[in-house]
Amino acid sequence: MILKKVINNALMITIFLSIGLIGFQILYSFNFSSDYTDLKENRLSNCQNNSNESYCWIFYNRIKAFEGYTFIGGTLYNMDGKDIHNTLGATLFDPINKMFLDRTNDENNYLIKYDWDENIIWEKNIPTYREMAMGQNNTYYVISREPKQYMNRSVVFNVFYQLDENGNTLYNWSTFLYLDKIQKFHDTLLLDDPNREIVVLNRTFWIGSKKRQMGFHEYYDANSIQEIPSNKWSNTDRKFQKGNLLVSLNAVNLIVIIDKNSSQIVWYYGPGNIINPGSPKMLKNGNIILFDNGNDELRPYSRIIELNPTNKQIVWEYVGNPKESFYSNIRGTVQRLPNNNTLITSSAQGYVFEVTSLKEIVWEFRKPIIEDDHRTYISRAIRYPVNQIDE
């Protein structure tokens, strides 16, 4: 009898606790949604009206977002958008050694390394371009340009360099030297016809505080490199083994894997499936995630896709709602976070945001509007765990 009463009491307590918990969750969800709307509108209004604010943090879901420090435009920010360390605009941050890699502030764009206090460690006369990346054993990867004579015209090709911590070259791979190998995976370009009249590509670059016009033909416009980490396929498929290189050739809608031992292309994906890709990354689960920009003519919105490289099937995709609300026709980066959230940089929109696997936005960060309703550009954002910075 006593035992039955105890069981009944315990059951009643469990029921009341469950009801209370459900009620709390409903109430919290309602308040949270209301707070989110108010906060987002207030912060967005502040972004639009206060041009003195360098960046505008809009929203942070403290329960679902991955806590860390976000490196944007040479500055480390905490989750509340507070500037905790500012550099001259470094491109790459080495959190283990608290070092930065950047380009010199002149037309050469030479590579420079400096410490936390901006003391120069070394400079190398390697003209760098686009993304830089950390490799294994305190090494760095950078993308360079080299002009070559091709089909009776001067054409710029890309070289990928691996450097040691002192800036010495350990490995390099030239798209010009392997041109015939790469061309097997994409359509013929106008630049392949020596008799074709082609307008020289003119681009405007900001170098320091000066605007410069540069005219040239560019073949591949490589924009990303990753040294493949240990992953699901590392020990069973040599194409995806640790240490191979995953690179993006934006101009031909192509990403490839280079076997670092043989320097041969062992895997490819792209033409017909993606438009102006960038930031491909091999994940620990063996999948590849990438930023698929789109363009104004064929698909005027961007998307993030995660694909299984063994069968090239898309297993996860993120698009805006509506689709056109997320669109960067240039640059753009993506990072899979340790809690399986995804950090996305929509460069042309000056917008960084974090989404869950269920595509819920849980963190947002924008640059302020400066003129003509256009936000200033963000090249990329990288989130680092708190313990990497606070140690």
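In every chain, residue numbers begin from 1 and rise along the written sequence. Reporting of local features is limited, given that this is a predicted model, to residues whose pLDDT is at least 70; pairs of side-chain atoms are given and counted only at 80 or more, and all residues count toward the totals for whole chains, interfaces and linings. As a rule here, side-chain values come from all non-hydrogen atoms in the structure, and water together with hydrogens is ignored.

A. Quick peek at the pattern of salt bridges. Counted as salt bridges are all cases of a side-chain nitrogen of Lys or Arg within 4 Å of a carboxyl oxygen of Asp or Glu. For the coordinates displayed, the defined rule picks out 14 salt bridges. The shortest N-O distance in the salt bridge between Glu227 and Lys260 comes to 3.5 Å. With Glu227 in strand β14 (residues 222-227) and Lys260 in the loop between β16 (254-258) and β17 (265-269), this residue pair connects regions lying 33 residues apart in the sequence. Summary of the burial criterion: residues with accessible area below 20% of their type's maximum are buried, those above 50% are exposed, and those between are partly exposed, where the area comes from a 1.4 Å probe applied to protein chains only. Residue Glu227 is classed as buried on the basis of its relative accessible area, which comes to 11%. Secondary structure elements are taken from DSSP: a helix is a run of H or I of four residues or more, a strand is a run of E of two residues or more, and numbering for both begins at the N terminus.

B. Spotlight on the pairing of β14. Among the 6 residues of β14, 6 are classified as buried, and the element is accordingly described as predominantly covered. Examined bridge by bridge, β14 and strand β15 (residues 245-249) share 5 bridges and lie antiparallel to one another. Bridged to Ala222 within β15 is Leu249. Pairing between two strands is assigned when DSSP locates at least 2 bridges connecting them.

C. A look at the pairing of strand β25 (residues 361-366). Judged by how many residues are buried, β25 sits mostly within the fold: 5 of 6 residues are covered. Two elements, strand β1 (residues 56-60) and β25, share 4 bridges in a ladder whose sense is antiparallel. Each bridged residue has a counterpart across the sheet, and for Trp57 the counterpart in β25 is Phe365. In the sheet, strand β24 (residues 351-355) pairs with β25 via 5 bridges, with the strands oriented antiparallel. Of the residues in β25, the one forming a bridge with Val352 is Phe365. The hairpin formed by β24 and β25 contains 5 residues between the paired strands, and Lys359 there has a positive phi angle of roughly 75°.

D. Examining the layout of surface pockets more closely. We place a 1 Å grid over just the protein atoms. Points where a 1.4 Å probe fits but has no way out form a cavity, open points with protein on both sides within 12 Å along at least 5 of 7 lines form a pocket, and any residue with an atom within 4 Å of a point lines it. Grid points are joined across faces, edges and corners, and a volume is the space filled by probe spheres set on the points. Looking at the second largest pocket, its volume works out to about 1,300 Å³. Along the wall of the second largest pocket there are 36 residues; nearest its centre are Gln226, Pro229, Lys281, Gln335 and Arg336. Going through the elements one at a time, β5 (92-94), β8 (120-134), β14, β18 (277-282), β22 (333-336) and β28 (381-385) are the ones with two or more residues in the lining of the second largest pocket. With 5 residues, the top contributor of residues to the lining of the second largest pocket is β28. Note on residue categories: nonpolar means Ala, Val, Leu, Ile, Met, Phe, Trp, Tyr, Cys or Pro, charged means Asp, Glu, Lys or Arg, and polar means any other residue, Gly included. Here the residues of the lining of the second largest pocket are counted per class, giving 18 nonpolar, 10 polar and 8 charged.

E. Molecular detail of the sheet that holds β22. As summarised here, the arrangement of the 5 strands in space is β1-β25-β24-β23-β22, forming an open sheet in which the pairing is antiparallel. On the outer flanks of this sheet lie β1 and β22, each paired with one strand and no other. Each strand of the sheet is rotated relative to its neighbour by a mean of 10°, with strand direction disregarded. Under this scheme, a helix contributes an axis fitted over its contacting stretch, all axes are lines through C-alpha atoms, and angles between N-to-C directions fall in the 0 to 180 degree range.

F. Region of the structure containing the environment of Val142. Position of Val142 among the secondary structure elements: in strand β9 (residues 140-150). C-alpha of Val142 to C-alpha of Ser224: the two residues are 82 residues apart in sequence and 8.8 Å apart in space. Contact partners of Val142, with chain neighbours within four places excluded, come to Leu101, Leu111, Thr128, Glu131, Met132, Val159, Phe160, Tyr161 and Leu163. What makes two residues a contact is simply this: any of their non-hydrogen atoms within 4.5 Å.

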